[in-house]
Number of protein chains: 2
Amino acid sequence: MASKAHKDAASQTNMDVDYVIVYRFAQTDKSTAVANFERLIEALSHVGLATEVRNGENHSLLVFAKVASEEHLFGEVYRSRVKDWMHGVRSAAPEKETRGTLEREPLYEAERLRIIYQLITNPIADGGAGITPKHGEWRNVESVFALHDHEANKKWIKKWSTSYFLKIEDLDDIRDRLGEKIAFYFAFTQSYFTFLFFPAIAGASAWVLLGHFSPFYAIISSLWCTVFTEYWKHQEVDLAVRWGVRGVSKMETHRREFKHEKEATDPITGETVRIFPATKRLQRQLLQVPFAIGTAIALGVLIATCFGIEVFISEIYDGPLKSVLVFLPTGILTTVMPVLVNILTSFATQLTQFENYDTQSAYDKAITQKMFVINFITSYLGIFLTAFVYVPFGTIIVPYLDIFSLTVRPFAENEKQLQSPKAGFTINPSRLRNQVIYFTVTAQIVNQALEVIIPYVKRKGFAKYKKFQSERAINNGGGVNVSDNDPPEEAAFLTRVRQEAELDVYDVTTDLREMVLQFGYLSLFSVVWPLTACSFIVNDWLELRTDAIKIAVEMQRPTPWRADTIGPWLDSLSFLTWLGTITTSALVYLFSNDGLGPGGTPKDIQGWALLLSIFFSEHIFLAVREGVRLIISKLDSPGLQKEKRERFLVRKRYFDESLSQLSRFPGLKDAEVKTDRASLEEDVRRTSLASPEERFWGRQRGPHETAKIGAGLIQRAAPVESKKQQ
Amino acid sequence: MASKAHKDAASQTNMDVDYVIVYRFAQTDKSTAVANFERLIEALSHVGLATEVRNGENHSLLVFAKVASEEHLFGEVYRSRVKDWMHGVRSAAPEKETRGTLEREPLYEAERLRIIYQLITNPIADGGAGITPKHGEWRNVESVFALHDHEANKKWIKKWSTSYFLKIEDLDDIRDRLGEKIAFYFAFTQSYFTFLFFPAIAGASAWVLLGHFSPFYAIISSLWCTVFTEYWKHQEVDLAVRWGVRGVSKMETHRREFKHEKEATDPITGETVRIFPATKRLQRQLLQVPFAIGTAIALGVLIATCFGIEVFISEIYDGPLKSVLVFLPTGILTTVMPVLVNILTSFATQLTQFENYDTQSAYDKAITQKMFVINFITSYLGIFLTAFVYVPFGTIIVPYLDIFSLTVRPFAENEKQLQSPKAGFTINPSRLRNQVIYFTVTAQIVNQALEVIIPYVKRKGFAKYKKFQSERAINNGGGVNVSDNDPPEEAAFLTRVRQEAELDVYDVTTDLREMVLQFGYLSLFSVVWPLTACSFIVNDWLELRTDAIKIAVEMQRPTPWRADTIGPWLDSLSFLTWLGTITTSALVYLFSNDGLGPGGTPKDIQGWALLLSIFFSEHIFLAVREGVRLIISKLDSPGLQKEKRERFLVRKRYFDESLSQLSRFPGLKDAEVKTDRASLEEDVRRTSLASPEERFWGRQRGPHETAKIGAGLIQRAAPVESKKQQ
């Protein structure tokens with residue numbers, strides 16, 4: 001087909017489009033839609049954006065926007081840079097001659113896109129067009145997105161798929177194209193991936209030489225988690241300086257959804273500020289306690305029940321279909337859990353919105369904390385139950401699992417198949433290990449696959465559905481195919497844009513959460529199966545590449561936001577590291593005797609010895625962490641050095657400027673004190689009218705006389721030395 | 001006597017003297033002494049200081065220095081303020097017109113004295129006279145001190161002795177006269193004193209209503225310690241802003257004693273820096289481990305031995321002189337302990353010097369840590385032994401105390417008096433309480449008394465010794481009485497200066513350490529005797545007043561240094577609070593059954609229950625601390641508000657200045673995009689020479705056309721709404 005080359009060319013050019021705005025009017029009556037559309041175009045042109053409109057899929061219009069002239073953009077860039085400087089993100093004030101500034105420091109792609117995005121979405125008061133997609137008067141604006149740079153994406157994926165390690169330049173590239181926030185995710189994952197080699201090697205050695213639950217591996221692993229967490233904190237700063245974004249997280253953006261209760265005059269700025277009382281928010285935050293308890297109970301009951309059923313079926317039940325029924329609890333979990341998690345997540349979101357935070361960062365922190373609670377329970381509770389309930393107390397608890405017999409009663413042939421053996425029940429010593437292997441290998445692979453496949457299926461399915469719908473519309477006689485009127489030379493381009501408009505929006509926190517939860521398995525349970533890190537290395541190498549593909553192919557081009565940290569997930573990392581020392585020491589104490597565990601006899605466990613190992617392990621961890629922090633703080637970092645140099649130069653300039661003023665005053669060293677005022681002083685000295693102070697200071701006329709009189713006093717003093725020699 | 005009024009007048013005036021420099025030449029031969037003295041006077045006059053010399057006591061000269069003209073001082077003040085601004089201590093750059101700056105922000109006394117002191121002692125390269133007392137070429141310069149303002153001191157002591165609470169204005173007054181470092185000590189102690197009322201009331205109630213070891217009081221006390229520590233951190237910032245010193249602790253002063261190993265060019269500043277390798281320092285720092293172990297062993301053995309002897313004599317020995325012999329261990333402790341502590345302190349100092357820190361703050365931190373280890377053991381080990389060894393394991397250990405019998409063997413009449421009863425030995429249940437009472441009441445009173453009396457005796461004794469020595473010198477014929485040649489009108493003044501020259505130098509860290517150690521008793525052991533806080537209230541009210549007297553009468557006027565924190569002792573406070581939750585929960589678990597303890601039967605103690613209470617108590621503490629930090633961080637503080645306002649105003653000015661430049665570019669909102677270039681565009685649109693991009697953007701001529709075409713597309717779209725209503 002001849003259109004192949006044509007298509008390729010179409011995927012090469014973005015027609016200089018900066019942003020595409022999808023305007024959907026399916027739910028609005030036409031006259032309103034027209035009026036709103038006119039307002040949209042007017043708003044865009046007001047902030048200096050040129051526009052073109054084309055037909056979109058399914059009752060939508062595609063508005064293409066680009067900056068009318070570079071001169072307009074320069075003003076915005078300058079405003080943004082001055083703001084950065086005022087918040088300490090840049091050490092030197094930008095020069096007032098904008099052209100020069102931009103020539104010395106050209107915009108990178110992500111910066112350009114961010115500034116234009118802000119131009120479109122910022123409130124009118126802040127100089128933007130005030131367009132808020134899906135919100136208020138702009139509810140027809142479905143989305144605002146930039147177009148993928150397909151050529152760069154191809155190169156990106158090709159390069160990454162053929163290299164083992166990512167270089168810092170690869171991350172710089174991400175940052176230049178997709179912004180710092182996404183670059184920080186990749187930097188974190190890459191850093192984590194590199195660090196993984198250490199526990200992987202230690203783990204493999206321990207597995208071969210020392211068996212499971214080796215205290216040696218436990219120490220190495222806890223130490224590694226601490227070093228990694230602290231090192232990442234250090235590297236975060238370094239990267240933030242490298243990318244010129246250090247401090248941006250302190251530039252608060254106000255949430256549009258914030259509802260103020262009263263307005264007051266800020267005592268500091270004199271501006272009117274919108275206030276929501278902190279005490280009232282605190283009251284609302286207290287709802288987090290019942291929420292956390294409710295979450296723990298709901299998820300805990302579900303997990304514990306499935307756990308109980310599974311233990312019952314696999315270890316007590318002895319009837320037919322056992323090999324099938326054993327998957328029953330997994331089935332329940334896989335179907336009920338996502339529903340429950342969705343409900344809880346929406347509840348968490350509502351609760352966080354109800355808490356009514358003023359700034360985006362406070363909101364993000366609050367929602368991340370709640371998500372962490374949910375994820376913590378779903379990810380780790382199963383293993384906790386096996387490790388700290390089933391294995392040590394199995395022989396006590398298992399007989400009571402009869403209650404779960406009703407789940408399989410229909411299949412049982414007789415009562416005996418449903419009864420636990422009154423004596424001689426032994427726990428399954430490999431259950432804990434199998435469970436850890438399931439979560440760290442099987443579940444990771446499944447997740448990985450779903451992450452790529454689900455959006456793919458969704459994308460293809462939607463495309464088909466859209467096509468079907470359009471065709472039906474045409475058959476109904478009312479509509480025409482949207483692409484019918486496309487100019488032939490734009491057809492391929494517009495088809496591509498229509499496809500990108502239907503894609504999902506990429507959310508980097510989901511991927512980040514995944515990594516943090518993976519880190520949790522390592523810190524909490526890897527002592528059970530030391531090969532964990534090896535599995536993660538393979539998984540994460542793939543993860544980095546599939547994430548790249550996901551962003552480049554399955555998702556809309558993300559709006560490039562800035563960030564100087566991975567944000568509140570850092571706290572989760574620290575928490576998991578800390579908790580890891582507790583679980584690891586407990587696991588080693590409980591199960592290290594032969595690498596299998598004490599066989600489910602709780603009386604062998606000495607409570608005080610268990611607690612003592614936890615106590616020591618935890619406090620040694622706290623001490624080591626301080627040490628690691630100290631040592632890492634001594635590490636020099638190119639980023640910090642650069643920042644220091646810049647700050648030093650700025651200061652030096654100011655200092656030199658300021659001190660040059662000092663020469664206006666009499667130089668201190670040139671002052672000839674008192675000597676040439678002799679006659680006047682002589683008078684003062686003799687005059688009884690002078691104050692005691694004047695007389696006191698008049699006795700010696702200048703330094704030479706002081707020195708002379710002092711010398712005289714020394715000479716007249718009693719000879720100490722000579723006396724000693726007597 | 002007629003001289004009474006005269007003397008009063010002499011104590012009123014300081015003759016405008018800024019600093020007195022004591023030049024002692026007893027150990028130097030006279031020609032060198034004369035030469036050095038001349039250099040001293042020259043150095044002082046070079047930096048603009050006027051000088052007068054008078055005879056001092058015991059082969060010394062008193063050099064009086066004052067700033068020759070205020071104009072000279074202004075330059076120094078300006079230099080200092082610019083430096084502050086560069087380090088972020090001031091938010092606004094000082095105005096370049098110095099006179100105006102000083103009129104708006106006059107110097108306070110302490111600032112003036114600090115600047116003059118720095119003028120005398122700073123290196124010549126930094127614009128000072130480079131005079132380093134007792135060091136190198138200036139080893140004849142014994143001290144540099146300012147004269148007391150006796151009138152202000154009198155008012156100060158009078159005011160404080162007659163008021164219950166100190167107001168913030170009283171602290172401002174201290175800061176104005178003695179500098180921020182000392183003011184911070186008083187502020188801390190006052191804040192601690194005020195907070196003490198809470199545990200005092202809770203403790204008294206618990207003592208009356210609940211008996212000892214009440215869990216209720218334990219919770220209140222731990223909570224109080226946390227709140228106090230966190231609140232103080234908050235208040236520290238507030239005070240630092242109030243006093244305009246926030247950030248001064250980050251302005252590093254280099255230590256003169258630092259020995260560099262090599263010189264290198266700083267990659268940042270291009271200056272030559274002196275370097276001591278961090279790895280080598282780390283090696284030296286590792287010596288802290290044997291030091292800490294050695295300290296623990298040396299002091300531990302001493303304390304444990306005396307403890308053992310005391311238990312043996314008071315509870316086993318049954319012979320004559322028991323009532324006297326029982327003081328034997330106290331005697332050993334009081335004589336040996338100070339000697340040992342002195343040795344260890346000098347060892348700690350040498351070790352810290354050997355560690356060769358570059359900056360004063362690093363040095364202070366290192367020495368404080370070592371001192372804290374020493375003080376921790378001497379202060380708390382005795383009680384730890386009683387609480388966690390003697391009481392729980394007394395019945396097991398006491399029989400082995402026979403080894404101490406040799407200490408009293410000479411006094412015993414028969415062997416039986418030296419033997420412990422084979423059975424039926426019971427521990428003394430009130431020993432723990434008595435010991436806590438001893439440390440929190442008796443020892444505090446004794447310390448308090450010594451703190452005032454020792455310097456007094458020293459002062460009087462030295463004066464007598466000096467007098468005797470001078471008289472002997474006169475009798476030997478060689479010398480004359482130093483005051484013989486004093487002009488009569490100056491005689492009283494000079495006598496006073498000679499006295500002040502002999503006084504000790506005040507070290508605020510000693511007093512601060514005392515307060516922190518006192519806080520330790522409260523956090524660690526007050527659950528044993530809840531009246532502890534009541535005793536401390538009385539003690540600290542007195543402490544604040546006697547410290548004032550000490551500074552005003554017993555010591556030289558301290559050089560007013562700046563500080564924005566109580567420094568490394570803050571870490572000790574946090575540590576003691578943390579440890580307090582552990583000891584308190586352990587004490588409550590061990591002894592709460594009837595307020596007396598379990599009577600020394602270790603089998604009653606469940607190890608796991610003890611450790612579990614510690615575990616929970618510690619982790620609840622950590623969680624509560626986070627909560628307290630969060631709440632305290634929400635507290636508004638006048639200081640921070642002031643700082644924010646200043647910073648806002650500075651920024652606003654810069655921002656307004658910078659953005660006014662933007663009007664030079666075409667205003668974005670005025671841009672009329674594309675509309676009036678119609679004919680040109682028409683051409684472009686038709687020309688096949690144009691690029692695809694140009695053609696794409698040329699299809700709609702300006703926003704109006706885009707809006708029109710968009711409206712057309714909307715109108716032509718299939719009617720969605722109507723279909724729904726079908």
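How each quantity is defined
- Residues numbered from 1 in each chain as written.
- Chains lettered and ligands numbered in written order.
- Predicted model: local features only at pLDDT ≥ 70, side-chain atom pairs only at ≥ 80, totals over all residues.
- Helix = DSSP H or I, 4+ residues; strand = E, 2+ residues; numbered from the N terminus.
- Expected span 1.5 Å × (residues − 1).
- Buried ≥ 20, exposed ≤ 12 C-beta atoms within 10 Å, placed from the backbone.
- UniProt positions renumbered as here; feature names shortened; annotations may be inferred.
- Axes fitted to C-alpha atoms, helices over the stretch in contact; angles between N-to-C directions.
- Parallel < 35°, antiparallel > 145°, perpendicular 65-115°, else oblique.
- Contact = placed C-beta atoms within 7 Å.
- Domains from an automatic or database assignment.
- Pairing = 2+ DSSP bridges.
- Core = buried A, V, L, I, M, F, W, Y, C linked by C-beta atoms within 7 Å.

Participant: Report on helix α3 (residues 70-86) of chain B, specifying residues and quantitative values.
Facilitator: All names here are of chain B. Over its 17 residues, α3 extends 24 Å from the first C-alpha to the last, a length consistent with the 24 Å expected when each residue adds 1.5 Å. Where α3 is concerned, the buried positions are H72, L73, G75, E76, V77, Y78, R79, R81 and V82. Of the residues flanking the end of α3, it is G88, one or two places downstream, whose phi is positive at about 80 degrees.

Participant: Tell me about the UniProt feature "transmembrane region" (unreviewed entry) in chain A, residues and numbers included.
Facilitator: Residue and element names in this part refer to chain A. The feature "transmembrane region" (unreviewed entry), as annotated in UniProt, sits at residues 182-210, 216-232, 289-313, 325-351 and 372-401 in this numbering. Here residues 182-210 is 97% helix and 0% strand, with 40 Å between the C-alpha atoms at its ends. Between the C-alpha atoms that bound residues 216-232 the distance is 24 Å, and the span itself is 100% helix and 0% strand.

Participant: Go over the packing of helix α11 (residues 288-315) of chain A against helix α13 (residues 328-354) of chain A with me, naming the residues and quoting the values.
Facilitator: In a packed pair of helices, the relevant descriptors are the angle between the two axes and the axis-to-axis distance. Residues and elements named next belong to chain A. Between α11 and α13, the least distance of the axes is 11 Å, while the angle of their chain directions is 175 degrees. With respect to α13, the axis of α11 lies roughly antiparallel. For the pair α11 and α13, contact is made by F291, T295, A298, L299, L302, C306, I309, E310 and I313 and by L328, P329, I332, L333, V336, M337, L340, L344 and L351, respectively.

Participant: Go over the environment of K464 of chain A, please, and point to the residues and values.
Facilitator: Residue and element names in this part refer to chain A. Inspection of the secondary structure puts K464 in helix α15 (residues 431-475). With 10 C-beta atoms packed within 10 Å, K464 lands in the exposed category. Once the C-alpha coordinates of K464 and S314 are considered, the two residues, 150 residues apart in sequence, prove to be 44 Å apart.

Participant: Give a description of the domain arrangement of chain A that names residues and reports values.
Facilitator: Residue and element names in this part refer to chain A. Its domain assignment divides chain A into domain 1 (11-147) and domain 2 (155-253 + 287-479 + 501-635). The straight-line distance from the C-alpha centre of domain 1 to that of domain 2 is 38 Å. Counting residues at the interface gives 18 residues for domain 1, matched by 22 residues for domain 2. Elements with a minimum of two residues in the side of domain 1 that touches domain 2: β1 (19-24) and α5 (109-121). Per-element accounting of the side of domain 1 that touches domain 2 gives the leading share, five residues, to α5.

Participant: For the sheet that holds strand β2 (residues 49-56) of chain B, give the residues involved together with the corresponding values.
Facilitator: Residue and element names in this part refer to chain B. Within the open sheet, the four strands sit side by side as β2-β3-β1-β4. Their pairing is antiparallel. Looking at which strands have only one partner, the edges of the open sheet turn out to be β2 and β4 (141-145). The mean inter-strand angle of the sheet, taken between neighbouring strand axes irrespective of direction, is 20 degrees. Two strands pair when backbone bridges link them, and β2 and strand β3 (residues 60-67) are joined in this way by eight bridges, in the antiparallel orientation. The residue of β3 that forms the bridge with R54 is L62. Sheet strands in contact with helix α2 (residues 30-46) are β1 (19-24), β2, β3 and β4, and its direction is about 150 degrees off that of β2.

Participant: Outline the nonpolar core, supporting the account with residue identities and numerical values.
Facilitator: As a rule of thumb, soluble globular proteins bury nonpolar side chains together. With 142 residues, the main nonpolar core has Y19, V20, I21, Y23, F37, L62 and V63 of chain A as its most contacted residues. It is helix α8 (residues 180-209) of chain A that contributes the most residues to this core, 12 residues altogether. Excluding residues that lie within four positions of it along the chain, F37 of chain A makes contacts with Y23 and L61 of chain A together with A707, G710, A711 and I714 of chain B. Within the second largest apolar cluster, 141 residues are counted, among which are Y185, F525, F536 and L576 of chain B.

Participant: Give me the sheet that holds strand β3 (residues 60-67) of chain A: which residues, what numbers.
Facilitator: With respect to topology, four strands assemble into an open sheet ordered β2-β3-β1-β4 (chain A), the strand pairing being antiparallel. Bordering the open sheet on either side are β2 (49-56) and β4 (141-145) of chain A, each of which pairs with just one other strand. Looking at each pair of strands side by side, their axes are set apart by 20 degrees on average, direction ignored. Contacts from helix α24 (residues 703-716) of chain B reach β2 and β3 of chain A, with the element oriented near 15 degrees to β2 of chain A.

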